[in-house]
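# Notes for the structure review
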Amino acid sequence: TGAVGLYNIGQTCCLNSVLQVFLMNIHFTGILRRITVPPSDVQRRSNVPYQMLLLLEEMQCRKRKAVSPRDLAYCLSAYRVKLFMQHDAAQLFLTLWNLIKKQMEKPELVEELNDLYTVCVQEHLACQKCSFETKRNSSMLTLPLPVLDSSSHRLKTLEDCLRYFFHPEELTDHNMCFCEQCGRKTPSLQSMKLVHLPQTLTIHLKRFCFEKSSYIHKLSHYLPFPQDLDFNAVLTENQYHADDNEKAAWQYELFAVVAHSGSTSFGHYCAYIRSLTECKWYCFNDSEVCQVSWDDVKCTYGHSNL
């Protein structure tokens, strides 16, 4: 029936934008449709995956331009997701994903959800005195990319942000780490190597910095990102730890952009999403949905005066 909006029920533009990105992803909704329906009314009202499924079905069955996310919003409020206040999209995405994963009863669906979204990396810490090295595998839901380097200079492209994220960092002075072999704190080289990328990769541009007064300042400068991204062309050999079969899947097409306009004190979220069935871009601005061009999406690159 076409793209459907979500009514803003009181500062819910952030929630609406994140929900649209989830529900427009046919790989995610394929998992959502196979959940176990809770047996009682009380359980159904407090189950996040089930309430998301009800919202999805309402959006697909109604012939209205928008529907209300009220029942899902009140369900989330039971898990300390406050209503009628501003949220950070990256934090809300993480909160929603954890609730969905926790409340899915089928282990195979949890595994599919992990495969769909989870990034795996290997953390390295090498002592600069004795070369003793420790390795640890870890996972993350998003790649949190800085948009400034260590000297507070602006990184110019998304590819630059990725290279900087995986670039080794020297830990000296008060940042030194304890070396088991030396028996004391020593200068170290900390690095991260990419092991596995999911089917849907979520990148978080960290467009904020802390000033001396502890005031959080938003970084709105211009930072372009491509429609197609091949990690093999971005990272060097010492920045990943994966075989050829794994690296062959490291090619992506841009699917969605959650964009914030305004300052850290106030503002508005909307989502630009490419329909995977129609291959058309749409702008989801709460209840208003319209088809847009790639040039419209590029408006989310940012501007210093925005």
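As named in an unreviewed UniProt entry, the protein is UBP18 hydrolase, taken from Podargus strigoides.

## A short note on the packing of helix α6 (residues 89-103) against helix α7 (residues 107-117)
Put simply, α6 and α7 touch, their axes get as near as 10 Å, and they point 155° apart. In terms of axis orientation, α6 runs roughly antiparallel to α7. Contacts between α6 and α7 pair F93, W97, I100 and K101 from the former with V110, L113, N114 and Y117 from the latter. Looking at the contact of α6 with α7, its residues break down into six nonpolar, one polar and one charged.

## Considering the nonpolar core
Counting 42 residues, the largest nonpolar core has F22, F28, V48, M52 and Y117 as the members making the most contacts within it. Contributing elements (two or more residues each) for this core: α1 (13-23), α2 (26-32), α4 (48-61), α5 (70-77), α6 and α7. What F28 contacts, discounting residues up to four positions off in sequence, is F22, L23, M52, I100, L113, L116 and Y117. In this structure, L158, M192, V234 and W281 belong to the second largest nonpolar core, which totals 38 residues.

## Points about the packing of aromatic side chains
In the structure shown here, the tally under the stated rule is 12 aromatic pairs. Both rings, one in Y222 and one in Y301, keep their centres 5.6 Å apart while their planes meet at 85°; by these two values the pair is edge-to-face. Here the residue Y222 occupies a position in the loop between β12 (216-218) and β13 (228-230), and Y301 occupies one in the segment after α11 (294-297), the gap between them amounting to 79 residues. Considering the side-chain rings of W281 and W294, the 6.1 Å spacing of their centres and the 45° angle between planes classify their relative orientation as tilted. Pair noted here: W281 is in strand β17 (residues 281-285) and W294 is in helix α11, with a separation of 13 residues, a long-range link. The class of W294 is buried, set by a relative accessible area of 18%. Counting every residue linked through ring pairs, the aromatic cluster contains F22, F28, F93 and Y117.

## Topic: the sheet that holds β17
If you walk across this open sheet you meet the four strands as β15-β16-β17-β18, and the pairing is antiparallel. The outermost strands of the open sheet, each flanked by one partner alone, are β15 (256-262) and β18 (288-292). Each neighbouring strand pair of the sheet contributes to a mean axis angle of 25°, computed without reference to strand direction.

What counts as what
Numbering of residues starts from 1 in each chain and follows the order in which that chain's sequence is written. Predicted model: local features are reported for residues with pLDDT of at least 70 only, side-chain atom pairs are reported and counted for 80 or more only, and whole-chain, interface and lining totals are derived from all residues. Side-chain metrics in this entry use all non-hydrogen atoms of the structure; hydrogen atoms and water are not considered. In this description, a line fitted to the C-alpha atoms serves as the axis of each element, helices being fitted only across the stretch in contact, and the angle between N-to-C directions of two axes falls anywhere from 0 to 180 degrees. Numbering goes from the N terminus for both helices and strands, where a helix is a DSSP run of H or I of at least four residues and a strand is a run of E of at least two. Roughly parallel means an angle under 35 degrees; roughly antiparallel means over 145; roughly perpendicular covers 65 to 115; every other angle is labelled oblique. Two residues qualify as a contact provided that any one of their heavy atoms is within 4.5 Å of a heavy atom in the partner residue. Gly is placed with the polar residues, together with every amino acid not listed as nonpolar (Ala, Val, Leu, Ile, Met, Phe, Trp, Tyr, Cys and Pro) or charged (Asp, Glu, Lys and Arg). Residues belong to one nonpolar core when they are buried, are Ala, Val, Leu, Ile, Met, Phe, Trp, Tyr or Cys, and are joined through side-chain atoms within 4.5 Å. Type-normalised accessible area, obtained with a 1.4 Å probe on protein chains alone, sets the label of each residue: buried when under 20%, exposed when over 50%, and partly exposed for intermediate values. Working definition: a ring pair exists when centres of Phe, Tyr or Trp rings (six-membered ring for Trp) sit within 6.5 Å. Plane angles under 30 degrees give stacked, over 60 give edge-to-face, the rest tilted. Strands are labelled as partners when DSSP assigns at least two bridges between them.

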